[in-house]
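Okay, here's what each chain looks like letter by letter:
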Amino acid sequence: MDKAKPFDIPKREIWDAFKKVKANQGAAGVDGQTIEEFEADLASGLYKLWNRMSSGSYHPSPVRRVMIPKSGGGERPLGIPTVADRIAQEVVKRRLERVLEPIFHDDSYGYRPGRSAIDAVRKARQRCWRSDWVLDIDLKSFFDSIDWSLLLKAVRKHTDCPWELLYIERWLEAPARLEDGSIVPRTAGTPQGGVISPLLANLFLHYAFDTWMARHHPAILFERYADDIICHCRSEADARALWTALEARFTACGLVLHPQKTKIVYCKDKNRRGSFPDHSFTFLGYTFQPRRTIWHGRLTVDSFLPAVSSKALKAIGTTIRQWRMHHWTDQDLSDLATKYNTYVRGWINYYGHFYGSRLSQALRSIDAYLVRWACRKYRRLRRKPRMARAWLARVQRADPALFAHWCFEHVRGRTSGAVFVSRVPPVQTAVRNCMGDEG
């Protein structure tokens, strides 16, 4: 029976794709089915999907459009496919990725195996030290503007598999269902939220930008993470000429440079004189600008460095306030650490790589909430914030690994009064030792 199928799709690829989709989780699509609900009848669901894909009768459902707020104001549309559609996209993505990954540019970092946003930020930091000027590029509504004919032309350049081409075209053309239930057609773009969308977007910009830059401006280095792009130029004139050339290039590809957000930045430091309106830019959540730093352990100078952006710090502070940590007096200190350390480790693992003191200032607000928590929880400390701070300092010295931001301060070597200990006592013992008989 299987040999009669027009498309030869191994069942194993469907199974492997499901495991990846399950690991990534994600919201339900227009059918309301969650991953857990799909898994409740897994064998039947995967067989039906394989059967439809192998026979050519597979047609994706509309994507569920959800509007999410953007950090800079406004909203960004997400298109959420159903679980079955995400599995189907993962099958094609895996096959296409094996072909595309070797040809992608070394300075393309977004959504690629073995590469990360931190790699891009690290490379940008090094190149800002070598080049005086940066062209910070912003594309208006990139994911919603991708020209289908150009994209499919690029896909056909790298695969002639008929069912891959068929289903990619169907995913592009799948309509969107809005939050009010209405169905609207789509004529361009690949929805953010789709499994295969980042790969298709990378392929589009590989030809619209990466290879074009290598051919026409080989001396200008850049970092690109999806549609986040910065170019390093030797002079302001080079940056302006590149801006003009890119406007024409992107227009030919159906894309538009954002006139307000695209800008030229002077990477000012102790060796670079003169003035220019823009001395900073934000790339992947890090703001690059002149910052005071210490060289050789004693010399304080200005250097052009990245640090967590103000928008990111604001979002972190909002999240910490929303925890209302000081109200959880029915829980122990270890319970609070378990509940919130996952968030804090995530912030540290991303924003703690460069100029960590800026992130530390935001994370110290957690200790202020812990002091308020201790004042509410322990009778001995009520209305005595100074004693509560001293108590928390003793707990930190006794168990410096309890909260993730305490560990971060240790690594940076700036924790006041805290020391490493060879054997860390259990947290409850540490708390009782610091409280005396009360605990």
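None of the values given here were measured: they were computed from a predicted structure. (Residues numbered from 1 in each chain as written. Predicted model: local features only at pLDDT ≥ 70, side-chain atom pairs only at ≥ 80, totals over all residues. Heavy atoms only, no water.)

Participant: Honestly, the sheet that holds strand β3 (residues 133-137) in this entry has me stumped. Any pointers?
Facilitator: Working definition: the strands of a sheet are paired by backbone hydrogen bonds and lie parallel or antiparallel to each other. Spatially, four strands are ordered β6-β7-β3-β8 in an open sheet, and the strand pairing comes out antiparallel. Looking along the sheet, the strands with just one partner apiece sit at the ends: β6 (221-225) and β8 (263-266). Neighbour-to-neighbour, the strand axes of this sheet turn through a mean angle of 20 degrees, independent of strand direction. By the bridge criterion, five bridges tie β3 to strand β7 (residues 228-233) in an arrangement that is antiparallel. Following the sheet pairing, I137 is matched in β7 by I229. Of the strands in this sheet, β3, β6 and β7 are in contact with helix α5 (residues 117-130), which crosses β6 at around 160 degrees. Of the strands in this sheet, β3, β7 and β8 touch helix α10 (residues 236-252), which is tilted by about 20 degrees from β3. (Pairing = 2+ DSSP bridges. Helix = DSSP H or I, 4+ residues; strand = E, 2+ residues; numbered from the N terminus. Axes fitted to C-alpha atoms, helices over the stretch in contact; angles between N-to-C directions. Contact = heavy atoms within 4.5 Å.)

Participant: Even after reading the chapter, I still don't get the environment of S131, so can you show me in this structure?
Facilitator: Relative to the assigned elements, S131 resides in the loop between α5 and β3. For the pair S131 and W406, spaced 275 residues apart in the sequence, the C-alpha separation amounts to 37 Å.

Participant: Is there a simple way to think about the side chain of N202 in this case?
Facilitator: Within the fold, N202 resides in helix α9 (residues 197-216). Excluding residues that lie within four positions of it along the chain, N202 makes contacts with F104, S108, G110, Y111, R112, R224 and A226.

Participant: Would you mind showing me how to read helix α14 (residues 385-398) here?
Facilitator: An α-helix turns once per 3.6 residues; consequently, residues spaced three or four apart project the same way. Across its 14 residues, α14 extends 20 Å between first and last C-alpha, which sits within 8% of the 20 Å expected from 1.5 Å per residue. What α14 keeps buried is the set A388, W391, L392, V395 and Q396. The buried residues of α14 occupy an angular sector of 140 degrees when the element is viewed end-on, so they sit on one face. (Expected span 1.5 Å × (residues − 1). Buried < 20%, exposed > 50% of the residue type's maximum accessible area, 1.4 Å probe, protein only. Arc of directions from axis to C-beta.)

Participant: Please clarify how the nonpolar core should be interpreted in this entry.
Facilitator: If you look at soluble globular proteins, the nonpolar side chains tend to sit buried side by side. In terms of nonpolar packing, the biggest core is built from 69 residues, with I87, I168, F209, C231 and L246 touching the most fellow members. Here this core gets 10 residues from one element, more than from any other, and that element is α9. For L246, the residues in contact, after removing those within four places along its chain, are L135, I137, F209, W212, M213 and L257. Counting 56 residues, the second largest nonpolar core, distinct from the first, contains Y225, I230, F304 and V308. (Core = buried A, V, L, I, M, F, W, Y, C linked by side-chain atoms within 4.5 Å.)

Participant: Where do I start with the sheet that holds strand β1 (residues 63-69) in this structure?
Facilitator: If you walk across this open sheet you meet the four strands as β2-β1-β4-β5, and the pairing is mixed. Each edge of the open sheet carries a strand with a single partner, namely β2 (75-80) and β5 (183-184). With two bridges connecting them, β1 and strand β4 (residues 176-177) associate as parallel partners. When the sheet's bridge partners are listed, R64 is paired in β4 with R177.

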